[in-house]
Amino acid sequence: QKVCYGDFKHPCYKIAYFQDLSRRVGFQEARHACEIDGGMLLSLESEAEQKLIENMLQNLTKSGSGISDGDFWIGLWRSGDGQATSSACPELYQWTDGTISSFRNWYTDEPSCGSEACVVMYHQPTANPGLGGAYLYQWNDDRCNMKHNFICKYSPDNVLEKELGDRAETDDEVFPSVAARKPYDENKPEDNSHVVVTETGIIPNLIYVVIPTIPLLLLILVAFGTCCFQMLHKREARRNCFTDPSPLSSECLAESLNSNL
């Protein structure tokens, strides 16, 4: 789901979560999906932004949308394994969008390095806590070919271009689009949980539902009108036979037969 803050003055975010495990993707696939949608894999530049993402995930979980265990790729990775086992390994991780922020939120004893060069944000609310506490929102390095959910981040400029109609085509199944805006104060992360989310595209969807039903409604209207006309015609014929029974019309004969029966 896509959420925006601060009227194009702060980034927007889009959470891609798949209940179907077979649809989760590797790191490079997630990175490519964000890029073709005009964003990048999530970079986290401060503790306030980390708390913002945590609140977004908490709100989605509480909303009954079905989100449960499933880690999320973020845009932190280590390119190349030349110094993977050295003590300098934690310093080799970089953000894919070029952000130079040194903010980190590693889980205890992470990163473990070795063949694990890409980073996820833990989201395992049903798992038993480990030595570092619950496996929620802290970071872990993982093999880049593992399958996870992911979070995209969009710069204010890219979001503004999209709002002005310069939007690239996206896969709606991968990115169910939801937009929201709210004044954002990065110095008050406690305000971030109060997010008003409004769904876009409702009117077009209603049109697609209503238009196919128009022929059926017209058919029902015609059938109803025909029935009413026949009833009125029979009533008028019966009235004419009672007032002037001399004409031996088929309608009067039928009415007379019905009356005798």
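To be clear, the structure that these remarks concern was listed above.
A brief report on the enclosed structure follows.

Each value, and the rule that gives it
- Residues numbered from 1 in each chain as written.
- Predicted model: local features only at pLDDT ≥ 70, side-chain atom pairs only at ≥ 80, totals over all residues.
- Heavy atoms only, no water.
- Phe/Tyr/Trp six-rings, centres within 6.5 Å; stacked < 30°, edge-to-face > 60°.
- Helix = DSSP H or I, 4+ residues; strand = E, 2+ residues; numbered from the N terminus.
- Buried < 20%, exposed > 50% of the residue type's maximum accessible area, 1.4 Å probe, protein only.
- Disulfide = S-S within 2.5 Å.

As a further point, take the packing of aromatic side chains. Here the structure, examined in full by the defined rule, presents 11 aromatic pairs. Relative to W139, the ring of W106 lies with its centre 6.1 Å away and its plane at 75°, an arrangement referred to as edge-to-face. Of this pair, W106 sits in the loop between strand 5 (94–95) and strand 6 (118–123) while W139 is found in strand 7 (residues 136–142), placing the two residues 33 residues apart along the sequence. The burial state of W106 is the same as that of W139; both residues are buried. Pairing Y122 with Y135 gives two aromatic rings, centres 5.0 Å apart and planes at 80°, and the pair type is edge-to-face. Taken together, the residues Y122 in strand 6 and Y135 in the loop between strand 6 and strand 7 connect sequence positions 13 residues apart. Y122 gets classed as buried once you look at its relative accessible area, which sits at 9%.

Our next topic: the state of the cysteines. If you walk through the whole model with that rule in mind, you get four disulfides. One disulfide in the model links C34 with C152; its S-S distance is 1.9 Å. Residues C34 and C152 are joined by a disulfide whose S-S torsion is about -80°; by sign, that bridge is left-handed. With C34 in helix 1 (residues 27–36) and C152 in strand 8 (residues 149–154), the pair connects residues that are 118 residues apart, well separated along the chain. Overall, the relative accessible area of 0% leaves C34 in the buried class. Under the relative-accessibility criterion, C152 is labelled buried at 0%. Between the sulfur atoms of C118 and its disulfide partner C144 the distance amounts to 1.9 Å. The chirality of the disulfide connecting C118 with C144 is right-handed, given an S-S dihedral of about 90°.

Function cannot be inferred from these measures alone, as they are strictly geometric.
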